[in-house]
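# Report on the structure
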Amino acid sequence: MKVPFIPEHILGGGIFPLYIKQNITKKITQFLRTTNTRSLVHYLASIKIVRKMAAQNATEGKSSVVSETEATEELGFVIDKRPFTSVKEGKAEVLFPSSHDVFYNPVQEFNRDLSVAVLRVFAAEYKKLEREKKKQAKLKERTLALRSSVSETALEIPNVSNVSSNDQERAVPEAPNESNASSNDKERAPNKSNASSNDKKITTLDAPDASNSCSNNEIIALEAPNASNSSIIDKEMPGKEVVCEGEKILVLPPGIKDEEGIRILEGLAASGLRSIRYAKEVGGVKEIIANDISSQALECMRHNIEHNKVAELVYPSHSDASMVMYQHRDPSKRFHAIDLDPYGSPHMFLDGAVQCVTDGGILLVTCTDMAVLCGNSPETCYTKYGALSIKSKACHEIALRIVLQCIESHANRYGRHIVPLLSMSADFYVRVVVKVFTSKVRCKETFSKVSWLYQCVGCETATLQPLGRIVINGKSVKYQLSSGPPITEACFHCGHRHLVAGPIWSAPIHDREFLKSLKESLVEDDFTTFRRLFGTLTMMEEELPDVPLFYVLDKLSNVAGINPCKMVQFRSALLNAGYRVSMSHAGQVSIKTDAPAQVVWDVVRAWEKLHPANRAKMTDDRPGKRILEKEIKTKISFELHSDANPESKKRELLRFQIKPEKYWGPKARAKTSLFSSDQEEKRSRNQGKKRKCHSDDNHLLNKMSKDEVNHQIKE
């Protein structure tokens, strides 16, 4: 039996996490039951334990994994002089028990950086909306107060002679126009000589009275995106501010509790790295609940929270993530932002998530079960997400749209609906950010936002059919079912059959205004993955919002059996024909266009005319031969178009993942046992266990072939 690696704290009697002590005690107890004390002493003196190093090399500069050990020949042990392995990312440092394999994948730092940037923008927008609500509430109170002060015999709206000049300035309607807003600004300005009409008042955070609160024209914001904006920071103010839409925004800096800030829930926090980063890098936060069902993870979280000195903001929770969310369904207890990043599918958490997020709050959801979402197991995809996946060159965007449809389906059950802000396919996962609103009327529109997907098995031409449509005639709004199917039994282009998948989300998957705000908020020094973040967001901004899915140039050429043209030539042909075209962040050779499939194949046929394919070797039922035999009905020109190259490529932005380190993909599920080496022995021992035949079982009947079974039945 192997003796585990023993940390110095166990040998020296120091403080060590309880769960590690319990596991070691249990293991040693089992060992003592099978041997005597003298044998144990001789055994410990003779062995030498080799510790497994679980250090990971980071893909980008700031991430690092450090560990220290010291060999002591006299004892025959490798004693861990430092009881934890440290992982640094962003402004957080997370400690893992040194006897554990470090469950940390540096590739996902991009995911966490994006989440930090999203929450920064959301926290600023939340402050802005809350201030506008308070402003409107004050205006209503003033208007009601003025109306109640008028005599019963007077008109509902008082004359100028009955109201003092001071009251005239304060009498503002519920929805003020620009002139009223400007007059209100003048009333609040202490001195015209000290503040121009465009300048806004900057206040400190130290004074608690109402006179020092931000004016109506101030908006809360985060860090300045460039040097010009950073010059406006008030030296007396511990927070940061930035000009946004001509107005100033003030925010408490990260790490300081904001009683009027947002509440964040991380449902599956593990080591707490993500929550700690939110606390140390996102301003305007009231509290962060870092929850995990594992008691080992809870101990690790508590230590990391204390180590990073964020106990004022981050509160560890030991519970099932779904139960935490169900317990916060009451509107007064709801969270403003919920982050779900499970190992695999998040489908079991979505029902609770859509109920415990505030109206206008956001959900950040990650799915790593890409094999299921990309068509390898359509039956499993249906059980988890309520939609059938399909194998396709655009499978990663289909995966995004399946996840959005699933979240919308859960939200509709409670009279709520989603608005996608950002949908990203990266590395080995998909990540979506959606806002959740309450509106039973908008829920009726959902069936026009999801569609069935018909895909040809020959040429992979995709056709979408919405589940329903909305007919608006003046004030009349009617919801009708779609007529279909939109295809014939055989594909119009190649004559092959179709497969059916979905339903998938067919409405826009990004919000361009949000993407613009997100790009402007990025600070290069704050993110190791800044270049990739900026490039990916730029590509998302360039995507055609109203065009679902995309073509892949390599696949089009492969179907037709021709040498592919350059991407810029194909894009130019579509642009010259009068159609829009863009790329997709989900594919390096993707072509997203509003041109009909007939026009796309006309471009392929036109290129084949210039570079003929070997049709003699094509069989009659090959899709490419039937496509090339059809007549070209569109005037095609391959002359270079000025918009053929996207701006992201012209500016040489980092748009796709650089080839990372070895074994950069998804890691195995986290292990909480100290004795992981025993797991390897057990796995090796049980390999092929069901197929092994023991000598004592020779009398048992072996598996019979189908013919033998039929023969016995006949007899």
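Residues numbered from 1 in each chain as written. Predicted model: local features only at pLDDT ≥ 70, side-chain atom pairs only at ≥ 80, totals over all residues. Heavy atoms only, no water.

## Details of the overall build of the chain
Worth spelling out the cut-off: Every helix listed is a DSSP run of H or I at least four residues long, and every strand listed is a run of E at least two residues long, numbered separately from the N terminus. When accessible area is computed with a 1.4 Å probe and restricted to protein chains, residues below 20% of their type maximum are described as buried, those above 50% as exposed, and intermediate ones as partly exposed. The criterion used for residue contact is that any of the two residues' heavy atoms lie within 4.5 Å. Every accessible area reported is derived by Shrake-Rupley at a probe size of 1.4 Å, with residue values counting cover from the shown protein chains alone.
Within the chain, the secondary structure is distributed over 24 helices and 22 strands. Per-residue burial over the chain gives 47% buried out of 715 residues. Intrachain contacts of the chain at a sequence separation of at least 6 include 68% that bridge at least 24 residues. Counting every atom, the chain has about 37,600 Å² of accessible surface; 51% of that belongs to carbon and sulfur.

## Things to note about the packing of helix H4 (residues 109-149) against helix H16 (residues 512-521)
The description of two packed helices rests on the angle between their axes and on the distance between the axes. To keep things clear, this is the line we draw: An axis is simply a line fitted to the C-alpha atoms; with a helix, the fit covers only the stretch in contact. Between two such axes, the angle follows the N-to-C directions and lies from 0 to 180 degrees. Oblique is the label for every angle not falling under 35 degrees (roughly parallel), over 145 degrees (roughly antiparallel), or within 65 to 115 degrees (roughly perpendicular). Each residue is assigned to one class: nonpolar for Ala, Val, Leu, Ile, Met, Phe, Trp, Tyr, Cys and Pro, charged for Asp, Glu, Lys and Arg, and polar for all the others, Gly among them.
Their axes nearest at 10 Å, the elements H4 and H16 cross at an angle of 110 degrees. One way to sum up the angle between H4 and H16 is to call them roughly perpendicular. When H4 is examined against H16, the residues Leu114, Ala117, Val118, Val121 and Glu125 are found in contact with a partner set consisting of Phe514, Ser517, Leu518 and Ser521. Of the residues in the contact of H4 with H16, the class split is 6 nonpolar, 2 polar and 1 charged.

## Description of the state of the cysteines
Heads up, the rule is: Any cysteine sulfur atom paired with another within 2.5 Å is treated as part of a disulfide.
Going through the model one piece at a time under the given rule, you end up with 0 disulfides. Here Cys395 is not disulfide-linked; the sulfur of Cys374 is the nearest cysteine sulfur, at 3.7 Å.

## Comments concerning the pattern of salt bridges
The condition that has to hold: Salt bridge, as used here, is a side-chain nitrogen of Lys or Arg placed within 4 Å of a carboxyl oxygen of Asp or Glu.
In this structure the tally under the stated criterion is 27 salt bridges. Its salt-bridge partner being Arg274, residue Asp339 comes within 3.6 Å of it at the nearest N-O pair. Of this pair, Asp339 sits in strand S11 (residues 335-340) while Arg274 sits in helix H8 (residues 273-281), and the two are 65 residues apart along the sequence. Here Glu541 ties to Lys519 by a salt bridge, and the two come within 3.0 Å at their closest N and O atoms. You can see Glu541 sitting in helix H17 (residues 530-542) and its partner Lys519 sitting in helix H16, a full 22 residues away along the chain.

## So, the sheet that holds strand S14 (residues 429-438)
As a reminder of what qualifies: Pairing between two strands requires that DSSP report at least two bridges joining them.
Here 7 strands make up an open sheet; going across it, the order is S10-S9-S8-S11-S12-S14-S13 and the pairing mixed. Both outer strands of the open sheet, strand S10 (314-318) and strand S13 (416-426), are each paired with one neighbouring strand and no more. Direction aside, neighbouring strands of the sheet carry axes that sit 15 degrees apart on average. Examined bridge by bridge, strand S8 (residues 262-266) and strand S9 (residues 285-292) share 5 bridges and lie parallel to one another. Bridge pairing in S9 links Arg263 to Glu287.

## Side note on unusual backbone geometry
That bond from Gly484 to Pro485 is cis: its omega, 5 degrees, falls within 30 degrees of zero. If you trace the backbone, Pro485 turns up in the loop between strand S18 (476-481) and strand S19 (498-505). Cis geometry is found at the peptide bond from Gly502 to Pro503, where omega equals 0 degrees. Within the secondary structure, Pro503 sits in strand S19. A positive phi angle, close to 55 degrees, is found at Asp427, a residue other than glycine. In this fold, Asp427 is placed in the loop between S13 and S14. Classification of Asp427 as partly exposed rests on a relative accessible area of 22%.

## Topic: a nonpolar patch on the surface
The test is simple: Here the term patch refers to residues with relative accessible area over 30% and no salt bridge, with like charges joined within 9 Å and nonpolar side chains (Val, Leu, Ile, Met, Phe, Trp, Tyr) within 5 Å.
A cluster of nonpolar residues, Val441, Ile472, Val477 and Tyr479, forms a patch on the protein surface that exposes about 370 Å² of accessible area. Relative to the assigned elements, Val477 resides in strand S18.

## Focus on the sheet that holds S19
With respect to topology, 3 strands assemble into an open sheet ordered S16-S15-S19, the strand pairing being antiparallel. The sheet is open, and its two edges are formed by strand S16 (462-466) and S19, each paired on a single side. In this sheet, neighbouring strand axes are inclined to one another by 25 degrees on average, regardless of whether the strands run parallel or antiparallel. Bridge count for strand S15 (residues 450-456) against S19 is 6 bridges, and the pairing is antiparallel. Note on S19: the bridge partner recorded for Gln455 is Leu499. Against the sheet, helix H14 (residues 395-412) makes contact with S15 and S19, and its axis sits at roughly 55 degrees relative to S19, the strand it touches most.

## Topic: the confidence of the model for the chain
Put simply, the test is: Per-residue confidence from the predictor is reported as pLDDT, which spans 0 to 100.
Taken over all residues, the pLDDT of the chain has a mean of 78, while the share at 70 or more is 66%. Segment residues 1-21: pLDDT under 50, and 52 contacts once partners within four positions in sequence are set aside and those in other chains are kept. Contacts of residues 44-81 to residues separated by more than four positions or lying in other chains number 89 contacts, the stretch itself having pLDDT below 50.

## Quick notes on the pairing of strand S4 (residues 84-89)
Of all 6 residues making up S4, 5 are buried, and the element is well covered by its neighbours. For S4 and strand S5 (residues 92-97), the ladder comprises 6 bridges, and the chain directions are antiparallel. Bridged to Ser86 within S5 is Leu95.

## Concerning the environment of Phe437
Tracing the backbone shows Phe437 in strand S14. Judged by relative accessible area, Phe437 falls into the partly exposed class, the value being 28%. Separated by 80 residues in the primary sequence, Phe437 and Val357 have C-alpha atoms spaced 9.2 Å apart. The residues touching Phe437, leaving out its near neighbours within four places in the chain, are Asp359, Gly360, Gly415, Arg416, His417 and Val419.

## A look at the packing of H4 against H8
Rules: We call a crossing left-handed when the near helix sits turned anticlockwise from the far one by less than a right angle, and right-handed when that turn is clockwise.
Two numbers describe how H4 lies on H8: the axes approach to 10 Å, and their chain directions differ by 40 degrees. If you check the angle between H4 and H8, you find them oblique. In terms of crossing hand, the pair formed by H4 and H8 is right-handed. Contacts from Glu109, Asn111, Arg112, Asp113, Ser115, Val116, Leu119 and Arg120 of H4 reach H8 at Leu273, Arg274, Arg277, Tyr278 and Glu281.

## Thoughts on the pairing of S5
For S5, a buried count of 6 out of 6 residues is recorded, marking the element as mostly surrounded by other parts of the structure. The side-chain alternation of S5 yields two buried faces, one formed by Ala92, Val94 and Phe96 and the other by Glu93, Leu95 and Pro97. Taken together, S4 and the strand that follows it, S5, pair antiparallel across an intervening segment of 2 residues, in which Gly90 is found at a positive phi of about 60 degrees.

## A few points about helix H20 (residues 597-610)
Where we set the bar: Under the convention used throughout, the expected extent of a helix is 1.5 Å for every residue step, that is, one less than its residue count.
Between its terminal C-alpha atoms H20 stretches 20 Å, which fits the 20 Å expected from 14 residues at 1.5 Å a residue. Counting buried residues in H20 gives 12 out of 14 residues, a clear majority hidden from the surface. For H20, the complete set of buried residues consists of Ala597, Gln598, Val599, Val600, Trp601, Asp602, Val603, Val604, Arg605, Ala606, Trp607 and Glu608.

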